Amino acid sequence: MRTAYRVQDVRAAEAALMARLPEGALMRRAAAGLAAACAGLLRRVYGARVVLLVGSGANGGDALYAGARLARRGAGVSAVALGGRVHEAGLAALLAAGGRLAADPYAVLAGADLVLDGITGIGGRGGLRPEAVPVVRAARESGAVVVAVDLPSGVDADTGAVEGEAVRADATVTFGAYKPGLLVDPAREYAGAVRLVDIGLGGLLPAAAELEALQHADVARLLPVPGAESDKYRRGVVGVVAGSARYPGAAVLAVAGALRGGAGAVRYVGPAGGAVLARYPETLVHPGPPGGAGRVQAWVIGPGLGDTPGVDDVLASDVPVLVDADGLRLLDPAAVRARPAPTLLTPHAGEAAALLGTARDEVEARRLEAVRELAGRYGATVLLKGSTTLVADPSPDVPVRVNPTGTPWLATAGSGDVLSGLTGSLLAAGLAARDAASAGAYLHGLAARRGAGAYGAGAYGAHGADGSGAVGSGAVGAHAAHGAGPAPAAGAAPLTAHEVAEALAGAWRDVREGGGRG
């Protein structure tokens, strides 16, 4: 599992560590890791042209000390001061190693192989200062690999918000701990491939992180496994209330996901029973209402529901309920909070905005804040779908989980219906709401990559098959020229929601088989 911590927690841990070390030792430790990562991104260090964009703070110092190390290995290193003043000891080290302070930033950027962004640190707020904007644009346009020091300048470390212009990096080398902004959009798009350098903060960070990102091994431990005494009812029965005369396909897709989520049986309730049985004859079908369909261990309601009734009936049950799509409309926070069993809401940004009474772009700009607010307001676990899917517990003390396996190929009609069925099935199989949402999103992302033909060597860009971050030789390829997060691999093809569902079994096997390596 990867964890991310708030700025105040990282700074407290750094202060505690610095009190134990000689002055400047922690910065030199960070710079050593930064220089090694940069060396791995260059075809060769000797003769390479490196430009350091440095502000007046500690990030500028990290960049200068790293530049000194690269200069001692034969790189031509030039520093550009963008903060009025520079870290004196770091600059002295760079000059002693043969580097220089450049008077004309555009001249040195024109021939750069690698640019280090050390303009602002994790405490920066708002976008770049006006005087830095043209220099950063020139760096991006130079064709050089852009590496951010700890965090791209101009993004918010704690929230992932980007308010104004910011550095778009091909790679980010972060120190001591991941920061939430490196894992949550929109800031994640600016970070590129991410490498964590251990500087010794280990036991000095809080026990509870702000964010968690599961890996194969974490998800493998969550997935249900039938025992010797299992039957279809002991494994759990999930009820699916979905589809309508207008949208029968939503019912088929939700059932497709549910059949591959670990429960022993799926009960479908609604008007699309004929379409469901034609595709999946193993489904138990009932015309409704939900209360008369038979016992279930969890309900899924909402995909393609239209105006079909059933939401109140399902919310009145004493089992976990997943509410998606049309089921979210006019949802009463008091009624959800009063439920005796867990509730899981799975909105996309537009639906979340409607529930919060705000604009969609506000949710997309501050996804972490939005998912926390929704979970608290409704007393429910919330899975906020999108470019980075987030899962929040109703308790503010529980870390938000961010899914590392998402892919743009999931932006296709019906994929959310598959996710709802899959996650509801995991609920019926006995997983807690937060775990069901996290495992469902993880498998859903892997299945989309498989279905798009993006699985296998290199399929996960610089983030690895389990969502891990990496910076090294060739690792930035998927991010070059745009600095975005995980991108579809070369040769990947568009896919449909049905193909996502079909690929879930393979994704499940991959997690099981690869869990020991996560």
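Above this text sits the structure in question.
What you see is a predicted model, and the numbers here were worked out from it, not measured in a lab.

What counts and what doesn't
- Residues numbered from 1 in each chain as written.
- Predicted model: local features only at pLDDT ≥ 70, side-chain atom pairs only at ≥ 80, totals over all residues.
- Heavy atoms only, no water.
- Axes fitted to C-alpha atoms, helices over the stretch in contact; angles between N-to-C directions.
- Helix = DSSP H or I, 4+ residues; strand = E, 2+ residues; numbered from the N terminus.
- Parallel < 35°, antiparallel > 145°, perpendicular 65-115°, else oblique.
- Left-handed = near helix turned anticlockwise from the far one by under 90°.
- Contact = heavy atoms within 4.5 Å.
- Nonpolar A, V, L, I, M, F, W, Y, C, P; charged D, E, K, R; others polar.
- Pairing = 2+ DSSP bridges.
- Buried < 20%, exposed > 50% of the residue type's maximum accessible area, 1.4 Å probe, protein only.
- Salt bridge = Lys/Arg side-chain N within 4 Å of Asp/Glu carboxyl O.

Digging into the packing of helix α13 (residues 349–356) against helix α15 (residues 367–378)
Piece 1. Axis separation between α13 and α15 bottoms out at 11 Å; the angle between their running directions is 50°. Compared by their axis directions, α13 and α15 come out oblique. The two elements α13 and α15 cross, and the hand of that crossing is left-handed. Within the contact between the two elements, α13 uses Ala352, Leu355 and Leu356 and α15 uses Ala370, Glu373, Leu374, Arg377 and Tyr378.
Piece 2. When its residues are assigned to classes, the contact of α13 with α15 shows six nonpolar, no polar and two charged.

Describing the packing of helix α2 (residues 25–41) against helix α3 (residues 58–72)
Piece 1. At a minimum axis distance of 8 Å, the contact between α2 and α3 shows a crossing angle of 55°. Judged by the inter-axis angle, α2 sits oblique to α3. Judged by the sense of rotation from one axis to the other, the crossing of α2 with α3 is right-handed. Residues Met27, Arg28, Ala30, Ala31, Ala32, Leu34, Ala35, Cys38 and Ala39 of α2 form the contact with α3, whose own contacting residues are Ala58, Gly61, Asp62, Ala63, Tyr65, Ala66, Arg69 and Leu70.
Piece 2. Its residues placed into classes, the contact of α2 with α3 shows 13 nonpolar, one polar and three charged.

Brief notes about the sheet that holds strand β18 (residues 400–402)
Piece 1. The 11 strands lie next to each other as β1-β9-β18-β17-β16-β15-β14-β13-β10-β11-β12, forming an open sheet whose pairing is mixed. On the outer flanks of this sheet lie β1 (2–4) and β12 (284–286), each paired with one strand and no other. The mean angle between the axes of side-by-side strands here comes to 20°, regardless of whether they run parallel or antiparallel.
Piece 2. In the sheet, strand β11 (residues 265–269) pairs with β12 via three bridges, with the strands oriented parallel. Bridging across to β12, arginine 267 finds its partner in leucine 284.
Piece 3. Along the sheet face, helix α17 (residues 433–451) touches β9 (211–213), β15 (343–345), β16 (381–384), β17 (390–392) and β18 and points at about 15° away from the line of β16.

Brief notes about the pairing of strand β7 (residues 171–175)
Piece 1. Counting buried positions over the five residues of β7 gives five, a clear majority of the element.
Piece 2. Side chains Ala171, Val173 and Phe175 of β7 all project onto a buried face; the interleaved residues Thr172 and Thr174 project onto the opposite face, where all are buried too.
Piece 3. In the sheet, strand β6 (residues 145–149) pairs with β7 via three bridges, with the strands oriented parallel. Residue pairing across strands places valine 149 opposite valine 173, the latter belonging to β7.
Piece 4. Pairing between β7 and strand β8 (residues 193–197): five bridges, direction parallel. The residue bridging phenylalanine 175 from the neighbouring strand is valine 197, located in β8.

Description of the pattern of salt bridges
Piece 1. This structure, assessed with the given rule, holds 24 salt bridges.
Piece 2. For aspartate 158, the salt bridge is made with arginine 125, and the minimal N-O distance between the two is 3.9 Å. Placement of aspartate 158 in the loop between β6 and β7 and of arginine 125 in the loop between β5 (114–118) and α6 (133–141) is noted, with a sequence separation of 33 residues between them.
Piece 3. Notably, a salt bridge pairs arginine 221 with aspartate 218, separated by 2.8 Å at the nearest N-O pair. Taken together, the residues arginine 221 and aspartate 218, both in helix α8 (residues 216–222) and three residues apart, mark about one turn of the helix.

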